[in-house]
Number of protein chains: 2
Amino acid sequence: MIRVAVDAMGGDNAPGEIVKGAVDAVSRRKDIQVLLVGQEDAVGQELSKYQYPKEQIRVVPASEVIETEEPPVNAIRRKKDSSIVVAMNLVKKGEADAFVSAGNSGAVMVGGQLIVGRLKGVERPPFGALIPTEKGVSLLLDSGANVDARPSHLVQFARMGSIYMEHVIGISRPRVGIVNIGAEEEKGNALVKETFPLLKECKDINFTGSIEAREIPHGGADVIVCEAFTGNVILKLYEGTGATLISMVKKGMMSTLRSKIGALLVKPALKETLKAFDASQYGGAPLLGLKGLVVKTHGSAKATEVSNSIIQCVTFKEQQINDKIKECLEAEEQVTENK
Amino acid sequence: MIRVAVDAMGGDNAPGEIVKGAVDAVSRRKDIQVLLVGQEDAVGQELSKYQYPKEQIRVVPASEVIETEEPPVNAIRRKKDSSIVVAMNLVKKGEADAFVSAGNSGAVMVGGQLIVGRLKGVERPPFGALIPTEKGVSLLLDSGANVDARPSHLVQFARMGSIYMEHVIGISRPRVGIVNIGAEEEKGNALVKETFPLLKECKDINFTGSIEAREIPHGGADVIVCEAFTGNVILKLYEGTGATLISMVKKGMMSTLRSKIGALLVKPALKETLKAFDASQYGGAPLLGLKGLVVKTHGSAKATEVSNSIIQCVTFKEQQINDKIKECLEAEEQVTENK
């Protein structure tokens, strides 16, 4: 049984869609228990709308809510009874295996570091976002946790990301690319130029060199490494461009009588093809390198994404990703010490 | 008459598509003379395929070619008889008003600075790329000229970009946004946090604050300011995601008999809608802040884009953008001196 604490109060659609997602997750999987953390009345009221196996969902009271735009460090320090802080403490005390939140990203990141804590050797835990590509899915990291990273951080991102893609997603020897503005080693900004040779030396990853942003949608690398400012820009632009184009296609199809008839005919096939490009089916972005599993889903997440994010925790836990990250970083430390 | 020097040897489709684009431009506009710079035989052979007003196209011989992946500084210094160097010298000597190239971006940037030269007061000339949005078109700069910029450079980008959007594209009081990973002033990396207050103080631009990448396709700002690494990532990802999604839509429509019939019906309407999202109709990216006009088009540019890039030079020249940039920066210098 995997116990997943879920932030019932976080995100644009809380608590309604969050509770719905939790119910959906336990209906799909017998091996998950959800701890819904939040204001008892509000959560209870939503829960009462559904039929579900009672032993698989438990409400854990938390009276406060951290708002989306609150400065994270203050919020985590002051709101001790917020859903995020209460849930993180459950993970810390071993009463939950994982935590899923659609709330304030900064607070999730800060809470993850201050409450759950970093694994030994991890310098900066990155958000690893799964993004859809023509060929399946790639892991983009850091997709927004720590801006202005140093080369050694990026090397850790590459190694943690490789472990994630190999064991959670099941891609053997995942190709690691560093985001760059040209294919050659001498291209790039100071950070990329310094990081590139370090990644080349890394024996435990399959580094394939630079990846230009235009290759990302084609699935040019399985693990896409970059600094968090760039990563967040990529993630948001990816989602924004996708959503805009799909809405333009729909609008185009509805613009004439002729095209409306055509739209009815193409709809099923098109829906199937574009499903591959729907980020919500891949769940949330784990904060890699913590002592417990912390997953951030979109602020706009609806029930399906929440449910997928909860289920995603099972593989992460079963594959003992944290133990693997720890081993990998300790092995590296050993090598460095022996040098 | 505007005289535009065109790099007949630059880009993936040179000289064929470049020459075709030049012929197209002079067929559409009587007020343009194109100087096709490149290897006489190759260019002449392509030209002989078309009918066109002879007085509007002249071939200027240049025996060398700078390849796409050549290190730019060396290439500009050594290949004195390359199409890029010869054409840039035409601009420098006043024998051409503008230069359009689909060739090596780095060489165009270096040549622009070393041969054509910067306007007085300009610290770093940025590439300003026009990108399609739901609402029309936005100017993204720096889209790839100088990585690791400083705050003062970004402020100049904002001011030069505003002049361009107001006078070339015709948007009055263009909204200027700085690319950021959150809407609030305190968000961002060190560069953005330093630049934000400087932009707020800028009296001659309409600064509207941060723009998150997901707002770019919605047309969230007219002038989008960022450092060149980020800008190039945005530009390439924007194009890559657009191309991938459109190809997936096409594939989806061709997947069943039913959808194929539907595709025939929706095609005209869809084509019309998606035309707005086709970058090639907007021409190339000018290198702003030089003593002459230098425009870089995509390496993959075909005749239509080349032709549009040539025609784009007319408005730039007619509106005396360089004079306006010079005045604007000199006014600022005056203010600084008086402080």
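Residues numbered from 1 in each chain as written. Chains lettered and ligands numbered in written order. Predicted model: local features only at pLDDT ≥ 70, side-chain atom pairs only at ≥ 80, totals over all residues. Heavy atoms only, no water.

S.K.: If you had to explain the sheet that holds strand E2 (residues 32-38) of chain A to someone new, which residues and values would you point to?
M.R.: The strands making up a sheet associate through hydrogen bonds between their backbones, and the pairing can be parallel or antiparallel. Residue and element names in this part refer to chain A. Strand order across the open sheet formed by six strands is E3-E2-E1-E4-E11-E10, with mixed pairing between neighbours. In the strand order of this sheet, the two ends are held by strand E3 (57-61) and strand E10 (285-286), each with one partner. Packing against the sheet, helix H2 (residues 40-47) makes contact with E2 and E3, and its axis sits at approximately 160° to E3. (Pairing = 2+ DSSP bridges. Helix = DSSP H or I, 4+ residues; strand = E, 2+ residues; numbered from the N terminus. Contact = heavy atoms within 4.5 Å. Axes fitted to C-alpha atoms, helices over the stretch in contact; angles between N-to-C directions.)

S.K.: Describe the sheet that holds strand E7 (residues 175-180) of chain A, and please don't skip the residues or the numbers.
M.R.: Residue and element names in this part refer to chain A. Read across the open sheet, the five strands follow the order E5-E6-E9-E7-E8; overall the sheet is mixed. Either end of the sheet is taken by a strand with one partner, and the two such strands are strand E5 (128-133) and strand E8 (206-212). Adjacent strand axes in the sheet meet at a mean angle of 30°, parallel and antiparallel pairs treated alike. With three bridges connecting them, strand E6 (residues 136-141) and strand E9 (residues 223-225) associate as parallel partners. Across the sheet, residue Leu140 finds its bridge partner in E9, namely Ile224. The sheet contacts of helix H6 (residues 151-169) involve E5, E6, E7 and E9, and relative to E6 the element is tilted by about 150°. This element, helix H8 (residues 228-253), spans E5, E6 and E7 of the sheet and lies at about 40° to E5.

S.K.: Quick one: what's the story with the nonpolar core, residue by residue and with numbers?
M.R.: Among soluble globular proteins, nonpolar side chains are generally buried collectively. In terms of nonpolar packing, the biggest core is built from 238 residues, with Leu36(A), Ile310(A), Leu36(B) and Ile310(B) touching the most fellow members. What Leu36(B) contacts, discounting residues up to four positions off in sequence, is Val6(B), Ala8(B), Val19(B), Ala22(B), Val43(B), Leu47(B), Ile57(B), Arg58(B), Val59(B) and Val60(B). (Core = buried A, V, L, I, M, F, W, Y, C linked by side-chain atoms within 4.5 Å. Buried < 20%, exposed > 50% of the residue type's maximum accessible area, 1.4 Å probe, protein only.)

S.K.: Could you give an account of the pairing of E3(A), with specific residues and numbers?
M.R.: All names here are of chain A. Here E2 pairs with E3 via five bridges, running parallel. Within E3, the position partnered with Leu35 by the bridge is Arg58. As for the winding sense of the linkage, the β-α-β connection from E2 through H2 to E3 is right-handed. (Right-handed = clockwise from strand over helix to strand, strands pointing away.)

S.K.: Pulling in residues and values, what's your account of helix H5 (residues 105-116) of chain B?
M.R.: Each turn of an α-helix holds 3.6 residues, which means side chains three or four residues apart point in the same direction. All names here are of chain B. By the criterion of burial, H5 is predominantly enclosed, with nine of the 12 residues buried. Within the sequence span of H5, burial applies to Gly106, Ala107, Val108, Met109, Val110, Gly111, Gly112, Ile115 and Val116. Of the surrounding secondary structure, the elements contacted by the buried residues of H5 are helix H3 (72-78), helix H4 (83-92), strand E4 (98-101) and strand E11 (293-296). For H5, the N-terminal capping position is held by Asn104, with its side-chain oxygen 3.0 Å away from the main-chain nitrogen of Gly106. Downstream of H5 by one or two residues, Gly117 has phi in the positive range, about 90°. (Polar contact = N/O pair within 3.5 Å; in protein donor to acceptor, adjacent residues only side chain to side chain.)

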